[in-house]
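Letter by letter, the chains look like this.
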Amino acid sequence: MTERKILKVPKRRLFCRIEEVTPEMAKAWLLKNPENRPIEEGRVREYADKMRRGEWKEKMPGASPLIVMNEGELINGQHRLMAVQRYGKSVRMQVLVYERKDK
């Protein structure tokens, strides 16, 4: 896994990487999603179907990366992670890790 620093601001750093997101990782991140939006079941189904058909790309056009805090808290990506769980296999995704330096 390659990791590169893309932005440095006071007391925070962002790292972007391509990662194999497993169903277990998806479950763990979803459990740390404090502010769930309502789930759009059709979107989850669409994403899982793309994964099954091999159409899912690690950098989907127009899609933002998964965003997680270095503590594991999910900021963005609940529908994609639910689709990984439904698909039941690992999927390569772009992941942006937001690291707090105040600890």
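The structure this text deals with has already been given above.
Residues numbered from 1 in each chain as written. Predicted model: local features only at pLDDT ≥ 70, side-chain atom pairs only at ≥ 80, totals over all residues. Heavy atoms only, no water.

**Student:** Can you break down empty space enclosed by the protein residue by residue, with the values?
**Tutor:** Under the counting rule described, the total for this entry stands at one cavity of 30 Å³ or more. Taken as a whole, the largest cavity encloses approximately 90 Å³ of empty space. Every residue lining the largest cavity is listed: Trp56, Lys57, Glu58, Lys59, Met60, Ala63, Ser64, Pro65, Leu66, Arg80, Met93 and Gln94. Of the residues assigned to the lining of the largest cavity, the class counts are six nonpolar, two polar and four charged. (1 Å grid on protein atoms, 1.4 Å probe; cavity = no way out; pocket = protein on both sides within 12 Å on 5 of 7 lines; lining within 4 Å. Points joined across faces, edges and corners; volume = space filled by probe spheres on them. Nonpolar A, V, L, I, M, F, W, Y, C, P; charged D, E, K, R; others polar.)

**Student:** Before we move on, can you summarise the side chain of Thr22 with the specific residues and values?
**Tutor:** Relative to the helices and strands, Thr22 resides in the loop between β2 (12-21) and α1 (23-31). A polar atom in the side chain of Thr22 sits 2.9 Å from the backbone nitrogen of Met25. Aside from chain neighbours lying at most four places away, what touches Thr22 is Val84 and Ser90. (Helix = DSSP H or I, 4+ residues; strand = E, 2+ residues; numbered from the N terminus. Polar contact = N/O pair within 3.5 Å; in protein donor to acceptor, adjacent residues only side chain to side chain. Contact = heavy atoms within 4.5 Å.)

**Student:** Before we move on, could you go through the pairing of strand β3 (residues 66-69) and cite the residues and values that matter?
**Tutor:** As defined by bridge partners, β3 adjoins strand β5 (residues 91-100) across four bridges and the pair is classed as parallel. Bridge pairing in β5 places Leu66 opposite Val95. Sheet topology places β3 next to strand β4 (residues 74-76); two bridges connect them, and they run antiparallel. Paired with Ile67 across the strands is Asn76, a residue of β4. Between β3 and the antiparallel strand that follows it, β4, lie four residues; Gly72 among them carries a positive phi value of about 100 degrees. (Pairing = 2+ DSSP bridges.)

**Student:** Can you explain the nonpolar core? Please cite residues and give values.
**Tutor:** Counting residues in each nonpolar core, the largest one holds 21 residues, and the members touching the most others are Val21, Trp29, Met51, Leu81 and Met93. Among the elements of the structure, β2, α1, α2 (41-53), β3, α3 (78-87) and β5 are those that each provide at least two residues to this core. Among all residues touching Trp29, those that are not within four sequence positions of it are Glu19, Val21, Leu66, Val68, Gly72, Leu74, Leu81 and Val95. (Core = buried A, V, L, I, M, F, W, Y, C linked by side-chain atoms within 4.5 Å. Buried < 20%, exposed > 50% of the residue type's maximum accessible area, 1.4 Å probe, protein only.)

**Student:** Which residues make up the environment of Asn33, and what values do they have?
**Tutor:** Looking at the element boundaries, Asn33 is found in the loop between α1 and α2. Asn33 sits in the buried class, given a relative accessible area of 10%. A sequence separation of 35 residues divides Asn33 from Val68, and the C-alpha atoms of the two residues are 9.3 Å apart. Ignoring sequence-local partners within four residues, the contact set of Asn33 consists of Leu74 and Gln78. Within the structure, the side chain of Asn33 is placed 2.9 Å from the side chain of Gln78, a separation counted as a polar contact.

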